[in-house]
Amino acid sequence: MTETTATEPGIPVTAPDPARRLSLLTPSGSLTLGNYLGALRPIRDSAGEGFYGICNLQAMTTEHDPATLRARTDELAMIMVAAGVDPDRNSLFRQSEVPAHLGLQYLLECTATMGEFGRMIQYKDKGRGRPETRVSLFTYPALMAADILLYRAAEVPVGEDQRQHVEITRDLAIRFNRRYGEVFVVPKVINPPVAARVMNLQHPAEKMGKSNDAVSGVLFLLDPPDVITRKIKRAVTDSEREVGHDPVRRPGVSNLIEIAAGCRGCSIETVVADHPDLGSLKQGVIDAVLAELEPLQRAYRSLDKADVDAYFAAGAERARAVTEPVLAAARQAIGL
């Protein structure tokens, strides 16, 4: 199904697809259990047409090593396939291999204002007032908006940490449409089901981030089983013997309970009932995490990089076919 924009006749773009799923992951570090439970597993289990990308351009907004960026991008591509994201049903792509992302970014920069971008949390936290800050960190919201608008998805599921980026995407789409003609689908922000929020095993008040310096408390997806076991056994708990879920008073124990529940796909109450003491709980967490990650690791080791590269090349071709008409319509609308 196609539609023609209100700018000039003859520029067909795909109609908004309410079933289309869109998500991009940043190769800023090795993926963790939190990334798997919060992003990869929902991607794997989602229905409908999916466009799932690796946003390697976004990883360049701060200091980076080129060889490391390429290695992390390749690792992430392998992990996505190993995690069960079907490359036949979904389009897997590297952001840098779909030129429309950068093409639309500039058009959106010409629609945005300094004040809007200056209020973005990521820029305020990581770059404002620092002379060495890269310009790309400031203009990053335009690239993220392009990532969304190019695929004409009707809905964008986001957590609270990304809500601001989708809200500015909506603002830019509305402004562009009003000034230059109806080109973009204005996406609706939806709240996805709450995923397990995995915290650092050594610092349970902090998120288990892939760029976290406290790696002894981070469960990476490719950690060997003995390393996973050791990290969980050394997880911070408390002096109470009984197992109980109280994130405020007992953050370490509660984190372990939530990890087990997330991996097992069961309720917190079930985990608590299954473990009479903290020793039993830690062993239960070890068993649950290994049961979830060992199949992924086996699949990862069995993959041929050439096959994965072929999957991503085919996915990038499909992504280009979807995004190029949208960019063409935007270019024509804005006067190019």
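Residues numbered from 1 in each chain as written. Predicted model: local features only at pLDDT ≥ 70, side-chain atom pairs only at ≥ 80, totals over all residues. Heavy atoms only, no water.

1. Focus on the nonpolar core
Buried together is how nonpolar side chains tend to be arranged in soluble globular proteins. Definition in use: Residue types Ala, Val, Leu, Ile, Met, Phe, Trp, Tyr and Cys, when buried and joined through side-chain atoms within 4.5 Å, form a set referred to as a nonpolar core. Remark: exposure states derive from per-residue accessible area (1.4 Å probe, protein chains only) relative to the maximum for the residue type, with buried under 20%, exposed over 50%, and partly exposed in between. Only DSSP runs of H or I reaching four residues or more are called helices, and only runs of E reaching two or more are called strands; each is numbered from the N terminus. By definition in these notes, contact holds between two residues if any of their heavy atoms fall within 4.5 Å.
Leu33, Leu40, Ile232, Leu281 and Val289 are the most contacted members of the largest nonpolar core, which has 50 residues in total. Elements with a minimum of two residues in this core: helix 1 (33–45), strand 4 (50–54), helix 2 (66–82), helix 8 (225–233), helix 9 (251–264), helix 11 (278–302) and helix 12 (305–334). Of all the elements, helix 11 adds the most residues to this core, at 10 residues. Those residues within four positions of Ile232 in sequence are excluded, and the remaining contacts are Leu201, Leu219, Leu256, Lys282, Val285, Ile286 and Val289. Among the nonpolar cores identified, the runner-up in size contains 36 residues, and Phe51, Leu104, Leu149 and Ala333 belong to it.

2. What about the side chain of His101?
Counted only if it meets this: Each polar contact in these results corresponds to two N or O atoms within 3.5 Å; when the atoms are within protein, one needs to be able to donate a hydrogen and the other to accept it, and residues that are neighboring in sequence are counted only if both atoms are side-chain atoms.
By secondary structure assignment, the location of His101 is in helix 3 (residues 100–109). At a separation of 2.6 Å, a polar atom in the side chain of His101 contacts the side chain of Asp147. Ignoring sequence-local partners within four residues, the contact set of His101 consists of Phe93, Gln95, Leu143, Ala146, Asp147, Leu150 and Tyr151.

3. Observations concerning the pairing of strand 4
Let me state the cut-off plainly: A clockwise course of the path from the first strand over the helix to the second, judged with the strands pointing away from the viewer, identifies a crossover as right-handed. A pair of strands counts as paired when DSSP detects no fewer than two bridges linking them.
Of all five residues making up strand 4, five are buried, and the element is well covered by its neighbours. Here strand 4 shows two buried faces, one formed by Gly50, Tyr52 and Ile54 and the other by Phe51 and Gly53. Handedness of the crossover joining strand 3 (residues 21–25) and strand 4 through helix 1 is recorded here as right-handed. Judged from the five bridges that link them, strand 4 and strand 5 (residues 90–94) form a sheet pairing that is parallel.

4. So, the environment of Leu219
Position of Leu219 relative to the elements: it lies in the loop between strand 7 (188–190) and helix 8. Sequence-wise, Leu219 and Val198 are 21 residues apart; in three dimensions their C-alpha atoms are separated by 9.6 Å. Ignoring any residue separated from it by four or fewer positions in sequence, one finds Leu219 in contact with Thr32, Leu33, Leu201, Met208, Ile228, Lys231, Ile232 and Val289.

5. Examining the packing of helix 8 against helix 11
Our working definition: Convention adopted: a line fitted to C-alpha atoms gives each axis, helices being fitted over their contacting stretch, and angles between N-to-C directions are expressed from 0 to 180 degrees. Oblique is the label for any angle not covered by the other classes, which are roughly parallel (under 35 degrees), roughly antiparallel (over 145) and roughly perpendicular (65 to 115). Helix crossings fall into two classes, left-handed where the near helix is turned counterclockwise from the far one by less than a right angle and right-handed where it is turned clockwise. Residues are grouped as follows: Ala, Val, Leu, Ile, Met, Phe, Trp, Tyr, Cys and Pro are nonpolar; Asp, Glu, Lys and Arg are charged; all remaining types, including Gly, are polar.
The N-to-C vectors of helix 8 and helix 11 enclose an angle of 150 degrees; their axes lie 10 Å apart at closest approach. In this view, helix 8 runs roughly antiparallel relative to helix 11, as classed from their interaxial angle. At the point where helix 8 passes helix 11, the crossing takes the right-handed sense. Within the contact between the two elements, helix 8 uses Pro225, Ile228, Thr229, Ile232 and Lys233 and helix 11 uses Lys282, Val285, Ile286, Val289, Leu290, Leu293, Glu294 and Gln297. Of the residues in the contact of helix 8 with helix 11, the class split is eight nonpolar, two polar and three charged.

6. Details of the pairing of strand 3
Taken together, the five bridges between strand 3 and strand 4 define a ladder with parallel strand orientation. For Leu25, the partnering residue across the bridge sits in strand 4 and is Ile54.

7. Remarks on unusual backbone geometry
As a rule of thumb, non-glycine residues mostly have phi less than zero, and peptide bonds are mostly trans rather than cis. The backbone phi angle of Arg152 is positive, close to 50 degrees, even though this residue is not glycine. With respect to the helices and strands, Arg152 occurs in the loop between helix 6 (135–149) and strand 6 (155–157). When its relative accessible area of 3% is taken as the criterion, Arg152 is described as buried.

8. Re the confidence of the model for the protein chain
Let me state the cut-off plainly: The pLDDT value tells you how sure the predictor is about a given residue, anywhere from 0 up to 100.
Averaged over all residues, the pLDDT of the protein chain equals 88, while 88% of them reach at least 70. Within the model, pLDDT remains below 50 along residues 1–12, and this stretch shows 31 contacts once partners closer than five positions in the same chain are excluded.

9. Some remarks on helix 7 (residues 163–180)
The cut-off we apply is this: Expected helix span is computed as 1.5 Å times (number of residues minus one).
With 18 residues, helix 7 should cover 26 Å at 1.5 Å per step; its first-to-last C-alpha distance of 26 Å lies within 8% of that length. Those residues of helix 7 that fall on the buried side of the exposure criterion are His165, Val166, Ile168, Thr169, Leu172, Ala173, Phe176 and Asn177. Positive backbone phi, approximately 120 degrees, marks Gly181, located one or two places after helix 7.

10. Thoughts on the packing of aromatic side chains
Applied cut-off: Pairing of aromatic rings covers Phe, Tyr and Trp, the last counted by its six-membered ring, and requires centre-to-centre distances within 6.5 Å; plane angles under 30 degrees mean stacked, over 60 mean edge-to-face, and any other angle means tilted. Charge-over-ring placement is defined geometrically: NZ (Lys) or CZ (Arg) within 6 Å of the ring centre, and within 35 degrees of the ring normal.
Evaluation of the coordinates by the stated rule reveals five aromatic pairs. A centroid spacing of 5.2 Å and a plane angle of 45 degrees characterise the contact between Phe51 and Tyr151, whose relative ring orientation is tilted. Of this pair, Phe51 sits in strand 4 while Tyr151 sits in the loop between helix 6 and strand 6, placing them 100 residues apart in sequence. Residue Phe51 shares its accessibility class with Tyr151, and that shared class is buried. Joined through ring pairs, the aromatic side chains of Phe51, Phe93 and Tyr151 make up one cluster. The ring of Phe312 carries the charged tip of Arg94 above its face, separated from the ring centre by 5.1 Å.

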